Amino acid sequence: MKIAALAGGVGGAKLIHGLAKLLPPEELSVIVNTGDDFEYLGLNISPDLDTVCYTLADLANPVTGWGRKDESWTIYQEIAALDGPNWFHLGDKDLATHIFRTYKLNQGLTLSEITAEFCRCWGVNHPVFPMSDQSVRTVVHTAGGEALGFQEYFVHQACEPVVEHFEFVGIEDARPLPQAISAIKACDVVIISPSNPWVSIDPILKIPGYVEAIREKPVIAVSPLIGGKALKGPAAKMYEELGVKPSAAAVAKHYQDILTGFVIDNQDRQELEKIERWRIIALVTNILMKNNQDRFRLAEEVLRFCETILNRSR
Ligand code: FO1
């Protein structure tokens, strides 16, 4: 069974890791949000792409989920000692990625070419695609009237400002990555991983061309919320601030136009009826991924659910 999976950062990467253990490279392609990308100290940082690739390469920091395992922080500390900015943590190993990515971008290579090259070096065999080779930047507009770059909001201000709306700067001119569209066209099922719908998945879906391609396929999403709380990050807080009660059903509604199936946690069983009323087929299981075993178990269940949905539509 061929899968095209959409992913953001840490939560999404965990499920992708599980799927990659079960599916060969020709049956799993990953399309990653780059709305979180930014420039810091003159370097091009692509946090979600790196999180997905490090996770697939077994290089990721197991505590944070982002950055590298067995990391050292010499350069970060030396920059801080020079009164440089230190709100964004860049470890020495991780810095090599950003320095070399920036160097290659300046040489004229595209982000997708560089990502493919890095994946080869890290032994990542599954295709990992940035959503676009054009720049899209998520801006968080706050109730206080500020327009904050995503990492400024997320890391520097620790998601504290109240969100009013999101803007994806450059989205009208961005084109979906052709290889990503081909992967969607060739797949049996599209999986939306348990990433933040507002700032990890919406930037992908809002690039003209993705929804049109995705609509042709069964789409299955895994909820990033359990019991109204985010597994990680500000998704639940964002729903509240945008006037929507955070719940698995709210996520299903978010994706309602494209969703065939939805995976929710046992804790959210009471939302099943509501979700099924929207003609979305639901799977209720344990979606918490605390360790690698959980990732593989959930991935297995999600793939079985995909088979069931495919069989129903045959
Ligand atoms: N997240 C943090 O909360 N604090 C950091 O200092 C930080 C540094 C960082 C460096 C490289 C990288 O690839 C990711 C990093 N992240 C950090 C995570 C990142 O901000 C978020 O995971 C995503 O942008 C949200 O998906």
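Just so it is clear, the structure is predicted and the values come from calculations on it, not from any experiment.

The rules behind the values
- Per-chain numbering applies: the sequence of each chain, read as written, is numbered from 1 onward.
- Residue-level local features of this predicted model are given only where pLDDT is at least 70; pairs of side-chain atoms are given and counted only at 80 or more, and the full residue set underlies all totals for whole chains, interfaces and linings.
- Water and hydrogen atoms play no part in the side-chain values, which are based on all heavy atoms of the structure.
- Helix and strand labels come from DSSP, where a helix needs a run of H or I of at least four residues and a strand needs a run of E of at least two; each type is numbered from the N terminus.
- The atom set for the radius of gyration is the C-alpha atoms, and the globule formula is 2.2 Å times the number of residues raised to the power 0.38.
- The classification of residues rests on relative accessible area computed with a 1.4 Å probe and restricted to protein chains. Under 20% of the type maximum is buried, over 50% is exposed, and intermediate values are partly exposed.
- By definition, residues are in contact when any of their heavy atoms lie within 4.5 Å.
- All accessible areas in this document rest on Shrake-Rupley with a 1.4 Å probe, and a residue is counted as covered only by the protein chains that are shown.
- Residues counted as positive are Lys and Arg, residues counted as negative are Asp and Glu, and His and the chain ends are not counted.
- The location of each charge is read from NZ of Lys, CZ of Arg, CG of Asp or CD of Glu.
- Pairing between two strands is assigned when DSSP locates at least 2 bridges connecting them.
- Axis lines are fitted through C-alpha atoms, for helices just across the contact stretch, and the angle between N-to-C directions can take any value from 0 to 180 degrees.
- For each residue, the test is whether any non-hydrogen atom lies within 4 Å of the molecule or strand; if one does, the residue is near.
- Between N or O atoms, a polar contact is any pair within 3.5 Å; within protein, one atom must be a potential hydrogen donor and the other a potential acceptor, and residues adjacent in sequence are included only when both atoms are from side chains.
- Polar here means any residue other than Ala, Val, Leu, Ile, Met, Phe, Trp, Tyr, Cys and Pro, which are nonpolar, and Asp, Glu, Lys and Arg, which are charged; Gly is therefore polar.
- Throughout this description, the term salt bridge denotes a Lys or Arg side-chain nitrogen within 4 Å of a carboxyl oxygen of Asp or Glu.
- Angular relationships are summarised with four words: roughly parallel below 35 degrees, roughly antiparallel beyond 145, roughly perpendicular across 65 to 115, and oblique for the angles in between.

Peer 1: I tried to follow the overall build of the protein on my own but got confused; where do I start?
Peer 2: When helices and strands are tallied, the protein shows 13 helices and 14 strands. In terms of overall dimensions, the protein is globule-like: its C-alpha atoms have a radius of gyration of 19 Å, near the 20 Å expected for 314 residues. By residue count, 55% of the 314 residues in the protein fall in the buried class. Here the contacts in the protein between residues at least 6 apart in sequence split such that 69% fall between residues at least 24 apart. As displayed, the protein offers around 13,900 Å² of accessible surface, 50% of which is attributable to carbon and sulfur atoms. Separation of charge centres in the protein, based on 30 positive and 40 negative side chains, amounts to 7 Å.

Peer 1: Just checking my understanding: could you explain the sheet that holds strand 8 (residues 163-169) for this structure?
Peer 2: Through backbone hydrogen bonds, the strands of a sheet pair up, either in parallel or in antiparallel fashion. Spatial strand order, 7-6-8: three strands in an open sheet with antiparallel pairing. Both edges of this open sheet fall to strand 7 (147-149) and strand 8, since each of them pairs with a single strand only. Across the sheet, the mean angle separating the axes of adjacent strands is 30° when strand polarity is ignored. Summarising the sheet, strand 6 (residues 137-142) and strand 8 pair through six bridges and their orientation is antiparallel. Opposite valine 140, over in strand 8, you have phenylalanine 166 as the bridge partner. Helix-sheet contacts for helix 8 (residues 197-205) involve strand 6 and strand 8, and the interaxial angle to strand 8 is about 30°.

Peer 1: Sorry, what's going on with the site of the ligand here?
Peer 2: Near the ligand lie 14 residues; those nearest to it are Asp36, Asp48, Phe88, His89 and Gln151. Within the side chain of aspartate 36, an N or O atom sits 2.8 Å from an oxygen atom of the ligand. Note that an oxygen atom of the ligand is positioned 2.7 Å from one of the side-chain N or O atoms of glutamine 151. In isolation the ligand has 530 Å² of accessible area, and contact with the protein removes 90% of it. Elements that contribute at least two residues to the shell around the ligand include exactly helix 2 (47-56) and helix 6 (150-156). Ranked by residues supplied to the shell around the ligand, first place goes to helix 6 with four residues. Considered class by class, the residues forming the shell around the ligand number eight nonpolar, three polar and three charged.

Peer 1: Can you help me understand the side chain of lysine 104 in this one?
Peer 2: In this structure, lysine 104 sits in helix 4 (residues 92-106). Summary of buried charges: lysine 104 has no salt-bridge partner, and the nearest side chain of opposite charge, glutamate 117, is 5.2 Å away. Lysine 104 has contacts with Leu109, Ile114, Glu117 and Phe118, leaving out every residue within four places of it along the chain.

Peer 1: Looking at this model, I keep getting lost on the packing of helix 1 (residues 10-22) against helix 13 (residues 292-313). Mind explaining?
Peer 2: Angle between the axes and distance between the axes are the two parameters that describe a pair of packed helices. As a packed pair, helix 1 and helix 13 sit with axes 8 Å apart at the nearest point and diverge in direction by 70°. When the axes of helix 1 and helix 13 are compared, the pair comes out roughly perpendicular. The segment helix 1 lies against helix 13, with Lys14, Leu15, His17, Gly18, Leu19, Lys21 and Leu22 engaging Asn292, Arg295, Phe296, Leu298, Ala299, Glu300, Val302 and Leu303.

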